[in-house]
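The primary structure of each chain is shown beneath.
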Amino acid sequence: MSNQFKTILLKAKLNFAILAAILVIAVLGKFTNPELTNGIFVTADQLVSDLYLVFIAITLGAFIPNFKLVVFGAIAAFIGAVVLIQMGIFTYLTTEYLFAVLIVVLGFASIANLYRHYRENGL
């Protein structure tokens, strides 16, 4: 294995962890609550066609040097919005919809950040 590839793997651990977590959520969800999981991933699939969300996610992943800030910020925004849903302030949103948005944002941001590591190391 080349040094450049090892460097990318070491720098992009968080990217792979996020992508693996999305895969684990999909697999475990199919066994525990397939209807809910299917609904969330269908919504996520529809959100991908909303290009502004994809462009924002790619921009976050590609241009913010500290990717941990992107991840923790997205998760914090998700938690904050869920709290507001539970308080009755965001009555027009559902937790499932927000989770689909989180999956899309973190997935595309992770891939963009992974590509940035790839370009930086000249592979």
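For clarity, every value in this text was computed on a predicted model and none was experimentally measured.

Caption draft 1: Spotlight on the nonpolar core. Formed by 24 residues in total, the largest nonpolar core has its most connected members in I18, F67, L98 and L106. Secondary structure elements with two or more residues in this core: helix 2 (13–32), helix 3 (34–48), helix 4 (51–63), helix 5 (67–86) and helix 6 (95–120). Excluding anything up to four places from it in sequence, L106 contacts I18, V71, A74 and I75.

Caption draft 2: The packing of aromatic side chains, seen in detail. As enumerated under the stated definition, the model contains two aromatic pairs in all. Plain terms: the ring middles of F90 and Y92 are 5.7 Å apart, the flat faces sit at 50° to each other, and that makes the pair tilted. On the basis of relative accessibility, which here comes to 23%, the residue F90 falls in the partly exposed class.

Caption draft 3: Spotlight on a nonpolar patch on the surface. A contiguous nonpolar surface patch, about 390 Å² in accessible area, is contributed by I79, V83, M87 and I89. Tracing the chain through its elements places I79 in helix 5. Judged by relative accessible area, which is 48%, I79 ranks as partly exposed.

Rules and cut-offs
Residues numbered from 1 in each chain as written. Predicted model: local features only at pLDDT ≥ 70, side-chain atom pairs only at ≥ 80, totals over all residues. Heavy atoms only, no water. Core = buried A, V, L, I, M, F, W, Y, C linked by side-chain atoms within 4.5 Å. Buried < 20%, exposed > 50% of the residue type's maximum accessible area, 1.4 Å probe, protein only. Helix = DSSP H or I, 4+ residues; strand = E, 2+ residues; numbered from the N terminus. Contact = heavy atoms within 4.5 Å. Phe/Tyr/Trp six-rings, centres within 6.5 Å; stacked < 30°, edge-to-face > 60°. Patch = residues over 30% accessible without salt bridge, like charges linked within 9 Å, V, L, I, M, F, W, Y side chains within 5 Å. Areas by Shrake-Rupley, 256 points an atom, 1.4 Å probe, with all protein chains shown as cover. Salt bridge = Lys/Arg side-chain N within 4 Å of Asp/Glu carboxyl O.

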